[in-house]
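So the chains spell out like this:
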Amino acid sequence: MNKIFLSFLSILIISWSCSQPADNQSVSEETTTQSEFALAIHGGAGTIKRENMSEEQEAEYRAKLKEALDAGYTVLESGGEALDAVIAAVKVMEDSPLFNAGKGAVFTNEGKNEMDAAIMDGRDRNAGAVAGLTTVKNPITAARAVMENSPHVFMTGAGAEQFAVEQDLELVSPDYFFTDFRFQQLEKIRETEKTQLDHSSLLELELQDPFFKDRKFGTVGAVALDKNGNIAAATSTGGMTNKRYGRVGDVPIIGAGTYADNATCAVSATGHGEFFIRTVVGHEIASQMRYGNKSLKDAANDVVMKQLVEMGGSGGIISIDRMGNIAMPFNSEGMYRGYRKADQEAQVFIYKDQN
Ligand code: ASP
C-alpha cells in the first residue's frame, strides 16, 4: 500500500516539475522584466564604431530606429497583431536610405538593387518570403502577400514581381533604389577586387581586406509579441554589396534569417548570410529552447556568440519569446537595435557598450 502511495506521489511530483516553464527570468541584461506586449528591431550589424560616426549620423540613426519602434508599438498598444506591428516597424526602415533594405538597398555586382524579405507568424508557423525583387517599394509587403494570398511560401525574381503586380502592391522604378552612398560602396569593392582577385578567392579577400572587415550589414528586422500572446518576425534586405547573379542570403530562408513559433521564439537576423544559412540560425535557437529546454538568452547566445563565431560568421539577431523576454546578441562591433515594452519608453542602442 505504502509503495503504491509513494509511486503515485513521485508521478505527481515529476509531472508538476515538467509543467513548469523554462527559466525566463534573465533572458537579456537589457530586458529582464516580462511584458504584456513588446517589440524589438534591428537595422543591421557590423563594424559600427563610435569613432567612425558623426554626431549627426548617430542622431539620424537613433531617431529612425525610435520612429520604427514607435510605429510597431502603436499597433501593439491598440490591440493589433504582432504581424502588423513587425510590418509597421520594418516599413519605416525600408523607406529610409539609412538601412540596407528598400530605399537604401545595396548594389549587386551588376549594379542593380535586388531585395529579399520574409515574414513568419508564430501562431501557426505560416510564412512568406520573396527574393530578387527590383521594383516593389516595400519588399516586406510582398512577403506578407505570398504568405496570405498564395498557396506558396517562397517566390523569387520575375515570378515574385508578377505576383506583386497582381496583388496591387506599390511599385516603383528601379531608379528609386539608387543612392550615391551605396553605389560608391560597390565601386570601392569592384576596385579592390580588380587588384586582388587574381591572388585570392573571394572569401579570402573578404576576410583580409580592411574594406570588407568594415562592412556593415544594414538589413532591417522586427520581432513582436502582441496582447493575445502571439509572436511574429519580419526581415528585409538588399543582401550584400557586390553579390553575384542569383545570390540569395539568409533573410528569406525560413529558419535561417527569419523564424517564428509561439512555442519558442521569434527571430530576425543580420550578418554574413552564407554563415547564417549554414547555421540555420533562427531554427537552431528555437530548437535549443524546444528540445534543450534552454532560455531564450542562453539559446541565442550559444548560436550567435559560439556557433557563428567558430565558423567565422559575423552579425547578430533580435529575438522575443511569449513572455516578452528579449535577447539581442551580436558578435560584431555594433548593431543598430532597440526595443520597446508595454508602458515603457523606447530603448535604442548602437554600440557594444549598451549605448
Ligand atoms: N544577412 C544579409 C544577407 O546576407 C545581409 C545583412 O544582414 O545586411 O543577405
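All values derive from a computational prediction rather than experimental measurement.

1. Notes on empty space enclosed by the protein
Next, step 1: All chains considered together, the criterion is met by 2 cavities of 30 Å³ or more.
Next, step 2: Volume-wise, the largest cavity comes out at about 80 Å³.
Next, step 3: Per-element tally for the lining of the largest cavity: the top contributor is strand S9 (residues 266-271), with 3 residues.
Next, step 4: Counted as a void, the second largest cavity has a volume near 30 Å³.
Next, step 5: Contributing to the lining of the second largest cavity are Glu81, Ala82, Leu83, Asp121, Arg123, Asp226, Asn230, Ile231 and Ala232.
Next, step 6: If you list the elements that add at least two residues to the lining of the second largest cavity, you get helix H3 (82-94) and strand S7 (231-237).

2. Focus: the pairing of strand S1 (residues 38-46)
Next, step 1: Burial runs high along S1: 9 of the 9 residues are buried.
Next, step 2: With 7 bridges connecting them, S1 and strand S12 (residues 334-341) associate as antiparallel partners. Bridging across to S12, alanine 38 finds its partner in lysine 341.
Next, step 3: Two strands pair when backbone bridges link them, and S1 and strand S6 (residues 220-225) are joined in this way by 5 bridges, in the antiparallel orientation. Within S6, the residue paired with leucine 39 across the bridge is alanine 224.

3. A few points about the pattern of salt bridges
Pairing is possible between side chains that carry opposite charge, provided their charged atoms lie close to one another.
Next, step 1: All told, the structure shown has 15 salt bridges when counted by the stated rule.
Next, step 2: Residue aspartate 353 is joined to arginine 50 by a salt bridge in which the shortest nitrogen-to-oxygen separation is 3.0 Å. Taken together, the positions of aspartate 353 in the segment after strand S13 (347-351) and arginine 50 in the loop between S1 and helix H2 (55-77) put the pair 303 residues apart, joining distant regions of the chain.
Next, step 3: Overall, arginine 50 belongs to the partly exposed group, its relative accessible area being 38%.
Next, step 4: Across the pair arginine 125 and aspartate 261 runs a salt bridge whose closest N-O atoms are separated by 3.9 Å. A residue pair is termed long-range when its members are at least 10 positions apart, and arginine 125 in the loop between strand S2 (115-121) and strand S3 (126-133) and aspartate 261 in the loop between strand S8 (258-260) and S9 qualify at 136 residues.
Next, step 5: By relative accessible area, arginine 125 is classed as partly exposed at 43%.
Next, step 6: On the basis of relative accessibility, which here comes to 7%, the residue aspartate 261 falls in the buried class.
Next, step 7: One network of salt bridges, in which partners are shared, links Lys66, Asp70 and Arg340.

4. Some remarks on the nonpolar core
Next, step 1: With 51 residues, the main nonpolar core has Leu39, Ile41, Ile119, Val130 and Ile140 as its most contacted residues.
Next, step 2: If you tally residues by element for this core, the top one is H3, at 9 residues.
Next, step 3: Apart from the residues lying within four places of it in its own chain, the contact partners of leucine 39 are Leu69, Gly72, Tyr73, Leu76, Ala89, Val223, Ala224, Ile320, Ile326, Gly338, Tyr339 and Arg340.
Next, step 4: Listed in part, the 37 residues of the second largest apolar core include Ala260, Val267, Val281 and Phe349.

5. A closer look at helix H10 (residues 281-292)
Next, step 1: If you check H10, its first and last C-alpha atoms are 15 Å apart, about what 12 residues at 1.5 Å a residue would give, namely 16 Å.
Next, step 2: Among the residues of H10, those classed as buried are Val281, Gly282, Ile285, Ala286, Ser287, Gln288 and Met289.
Next, step 3: The inward-facing, buried residues of H10 abut S8, S9, helix H9 (273-279), helix H11 (296-311) and strand S10 (315-320).
Next, step 4: Phi turns positive, to about 60°, at asparagine 293, one or two residues after H10.

Cut-offs applied
Position numbers for residues start from 1 in each chain and track the written sequence from start to end. Where local features are concerned, this predicted model is filtered to residues with pLDDT of at least 70; where side-chain atom pairs are given and counted, the filter is 80 or more; whole-chain, interface and lining totals use all residues. With hydrogens and water set aside, each side-chain value is computed from the structure's full complement of heavy atoms. Whether a set of points on the 1 Å grid over the protein atoms alone is a cavity depends on a 1.4 Å probe fitting there but being unable to get out, while an open set qualifies as a pocket with protein on both sides within 12 Å along at least five of seven lines; lining residues are those with an atom within 4 Å of a point. Grid points are joined across faces, edges and corners, and a volume is the space filled by probe spheres set on the points. Numbering of helices and strands starts at the N terminus; helices are DSSP runs of H or I of at least 4 residues and strands are runs of E of at least 2. With a 1.4 Å probe rolled over the protein chains alone, any residue whose accessible area is under 20% of its type maximum counts as buried; one over 50% counts as exposed, and the rest are partly exposed. The pairing criterion is simple: DSSP has to find at least two bridges between the two strands. The salt bridge criterion pairs a side-chain nitrogen of Lys or Arg with a carboxyl oxygen of Asp or Glu, the two atoms within 4 Å. Side-chain atoms within 4.5 Å are what join buried Ala, Val, Leu, Ile, Met, Phe, Trp, Tyr and Cys residues into a set we call a nonpolar core. A contact between two residues is defined here by any heavy atoms of the two lying within 4.5 Å. Between the first and last residue of a helix there are one fewer steps than residues, each counted as 1.5 Å, and that sum is the expected span.

Purely geometric numbers; function is a separate question.
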